[in-house]
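Architecture at a glance
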Amino acid sequence: MFYGHNDLMEELTTLIANGEHIALIGPRGMGKSSLAIAILHEQLIINKFADWRFFMAYDDLDPSTITFETFMTHFTGVLGIEITGADSLHPISTFLHSASALVILDNAETFKEACALSVLKKIPPAIANIANIPGIVLILMSCSRRNAPNVRWIMNDILPLDSSTAQAMFFQIYQHTSCSKAGEDIQDLLKELEFHPLSINLLTNAAQQNDWSPAILLKRWNNWDSAVLNTGKGKLQSLSDAMQLSLDSPSIQALGEDDCHTLHQ
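Residues numbered from 1 in each chain as written. Predicted model: local features only at pLDDT ≥ 70, side-chain atom pairs only at ≥ 80, totals over all residues. Heavy atoms only, no water.

1. Brief notes about the overall build of the protein chain
Along the protein chain, the regular secondary structure elements total 15 helices and five strands. Relative to its 265 residues, the protein chain shows a buried fraction of 45%. In the protein chain, 73% of the contacts between residues at least 6 apart in sequence involve partners at least 24 apart. (Helix = DSSP H or I, 4+ residues; strand = E, 2+ residues; numbered from the N terminus. Buried < 20%, exposed > 50% of the residue type's maximum accessible area, 1.4 Å probe, protein only. Contact = heavy atoms within 4.5 Å.)

2. Thoughts on unusual backbone geometry
Its identity is not glycine, yet A50 carries a phi of approximately 50°, on the positive side. Looking at the element boundaries, A50 is found in the loop between α3 (43-49) and β2 (53-57).

3. Here we look at the sheet that holds strand β3 (residues 101-106)
Strands sit in the order β2-β3-β4-β1-β5 across an open sheet of five strands; the sheet is parallel. Every interior strand has two partners, whereas the edge strands, β2 and β5 (153-157), have only one. Within this sheet the neighbouring strands show an average axis-to-axis angle of 15°, counted without direction. The sheet contacts of helix α7 (residues 123-131) involve β1 (21-25), β3, β4 (136-142) and β5, and relative to β4 the element is tilted by about 145°. (Pairing = 2+ DSSP bridges. Axes fitted to C-alpha atoms, helices over the stretch in contact; angles between N-to-C directions.)

4. Side note on the confidence of the model for the protein chain
Here the protein chain averages 80 in pLDDT, while 78% of its residues score no lower than 70. When the elements of the protein chain are averaged for pLDDT, helix α15 (residues 257-264) gives the smallest value, 39, and α3 the largest, 97. In the model, residues 226-236 has pLDDT below 50 throughout and makes nine contacts with residues more than four positions away in sequence or in other chains. Throughout residues 255-265 the model reports pLDDT below 50, and contacts reaching past four residues in sequence, or to other chains, amount to seven contacts. (pLDDT = per-residue confidence, 0-100.)

5. Concerning the side chain of K32
Following the sequence through the fold, K32 ends up in helix α2 (residues 32-40). As a buried residue without a salt bridge, K32 has its nearest oppositely charged side chain in E109, at a separation of 5.8 Å. A polar side-chain atom of K32 sits 2.9 Å from the main-chain carbonyl oxygen of G26. (Lys, Arg positive; Asp, Glu negative; His and termini not counted. Salt bridge = Lys/Arg side-chain N within 4 Å of Asp/Glu carboxyl O. Polar contact = N/O pair within 3.5 Å; in protein donor to acceptor, adjacent residues only side chain to side chain.)

Shown next as structure tokens:
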């Protein structure tokens, strides 16, 4: 679900259609992936790249075990081709030379976290080589600004939602009351969540699915807030707290012990 950043989406769509490589930078849960997927389905992008639009997610790979071979196998797997021979870049180059293509690399911080291993020093140059293939446009999403330094990225920092967009997001998901009736307490809650898109999404969906009234939602959040602060952990981490409160909700607990354990992992 995509909220906010509409002006940025329009600007980036034009840049991508003109062949610019884009890097979306920001903490986890800020909506980088949602923004990239929204761009992927813009009509201007569909007209330019047609079926040559590829989304490559690396969030399921363990940085401690990823290798260059793992990276390349995942990359070619999304393209639907196989690596043949010692030069793994050759089949990619041959395939992508066929037409203009848009390639999205999600969770690229995975490569940075793993770059302590010498073999992974091959990944940034490989990304640069792919970026240099004529007609290829890359969108890279990462928590870090240090990604494939030899690519001419146009960097874009993805910021939290503004107050009005965060409130619109909340009430689009939450149907138990309207914005006019909710009062300032909900706005204060959104501030405590630091207008962080994923945190709002998780907490609001928990409230909607469990039929929490605004009063119950605020009570549960305040109780959780106090419990965390009483442990001496300091400032709340909005994403972690929203996730935990969502996992503790009745609708999730009703899934059973095994399913709850899986979600906690």
